[in-house]
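# Close look at the chain arrangement
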Amino acid sequence: MTDSTTPAPRRGVPLWAQILIWVFLIGLLAIVAMGLRRAQQGTVQPGQKIENFALPLYSGYELDGKNEIKMEDLRGKVVVLNFWASWCKPCEGEAADLEEAWRSYQESGQVIFLGVDYVDTEPEARSYLSKFEISYPNGPDLGTRISQLFNRNLGVPETYIIDREGVLRYIKIGPFLSVQEVQSVIAPILNGD
């Protein structure tokens, strides 16, 4: 005779499910830890060597016929890396100055300007480039990979100037206010100072 008030034996979670849950939780914890570690590192700083990256270029904005440029291909040149977006009003304020500075260095081939279009769509980006008659190489930051490499978190515009050996020498948060300001930052880096 069975007692109707006796509870049925409890069945636990199968061992395979417990293992799966623990693996998932440990993986999630590892991802959070990596994110926190990266956030603590902050943005790249002057004096740091810049890792190699590839920037796909918009059609019509290629460099020497290449539709993708790798940072390692630019060794021996000073690189002005400008993060911008078509929706960014301060970017509009510096666009003409950056273009004029680019044109002043273009002939020598010693300084390369690269525009990195941040969180934008190609039609709006192309409209922006056309509106400001930008001629230097430009391309999208697909998946924000380049922004993540620089640990950017302050918005646009941001400009990074990298020396001939691939070492970051200068960071400008916000827009340049004149062509002279752009040139005054590039000149000592170009001269090896």
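Quantities reported herein were computed from a predicted structural model and do not represent experimental measurements. (Residues numbered from 1 in each chain as written. Predicted model: local features only at pLDDT ≥ 70, side-chain atom pairs only at ≥ 80, totals over all residues. Heavy atoms only, no water.)

## Concerning unusual backbone geometry
Cis geometry is found at the peptide bond from V156 to P157, where omega equals -5 degrees. Note on placement: P157 falls in the loop between α4 (145–149) and β6 (158–162). Positive phi, normally seen in glycine, also occurs at V119, with a value near 45 degrees. What makes V119 partly exposed here is its relative accessible area of 47%. Located in the positive-phi region is N151, a residue other than glycine, with phi close to 55 degrees. Mapped onto the elements of the fold, N151 is located in the loop between α4 and β6. Relative accessible area serves as the criterion here: at 15%, N151 is assigned to the buried category. (Helix = DSSP H or I, 4+ residues; strand = E, 2+ residues; numbered from the N terminus. Buried < 20%, exposed > 50% of the residue type's maximum accessible area, 1.4 Å probe, protein only.)

## A few points about the nonpolar core
Membership of the largest hydrophobic core comes to 50 residues, with the highest contact counts inside it found for F113, F150 and I186. For this core, the elements supplying multiple residues, two or more each, are β3 (78–84), α2 (89–106), β4 (111–117), α3 (122–131), β6 and α5 (179–190). (Core = buried A, V, L, I, M, F, W, Y, C linked by side-chain atoms within 4.5 Å.)

## Side note on the packing of α2 against α5
Axis separation between α2 and α5 bottoms out at 9 Å; the angle between their running directions is 40 degrees. Relative to α5, the element α2 lies oblique. In terms of crossing hand, the pair formed by α2 and α5 is right-handed. Residues D97, L98, E100, A101, S104 and Y105 of α2 touch α5, and the partners they reach there are V179, V182, Q183, I186, A187 and L190. Here the contact of α2 with α5 is built from residues that sort into 8 nonpolar, 2 polar and 2 charged. (Axes fitted to C-alpha atoms, helices over the stretch in contact; angles between N-to-C directions. Parallel < 35°, antiparallel > 145°, perpendicular 65-115°, else oblique. Left-handed = near helix turned anticlockwise from the far one by under 90°. Contact = heavy atoms within 4.5 Å. Nonpolar A, V, L, I, M, F, W, Y, C, P; charged D, E, K, R; others polar.)

## So, the sheet that holds β6
Taken in spatial order, the 5 strands line up as β5-β4-β3-β6-β7 in an open sheet, and their pairing is mixed. Of all the strands in the sheet, just β5 (138–140) and β7 (168–173) have a single pairing partner and so form its edges. Looking at each pair of strands side by side, their axes are set apart by 20 degrees on average, direction ignored. Alignment of β4 against β5, held across 3 bridges, turns out to be parallel. Each bridged residue has a counterpart across the sheet, and for G115 the counterpart in β5 is N138. Helix-sheet contacts for α2 involve β3, β4 and β6, and the interaxial angle to β4 is about 155 degrees. (Pairing = 2+ DSSP bridges.)

## Side note on α5
For α5, spanning 12 residues, the distance from its first C-alpha to its last is 16 Å, which sits close to the expected 16 Å at 1.5 Å a residue. Buried-residue contacts for α5 involve β3, α2, β4, β6 and β7. G192 sits one or two positions beyond α5 and adopts a positive phi of about 80 degrees. (Expected span 1.5 Å × (residues − 1).)

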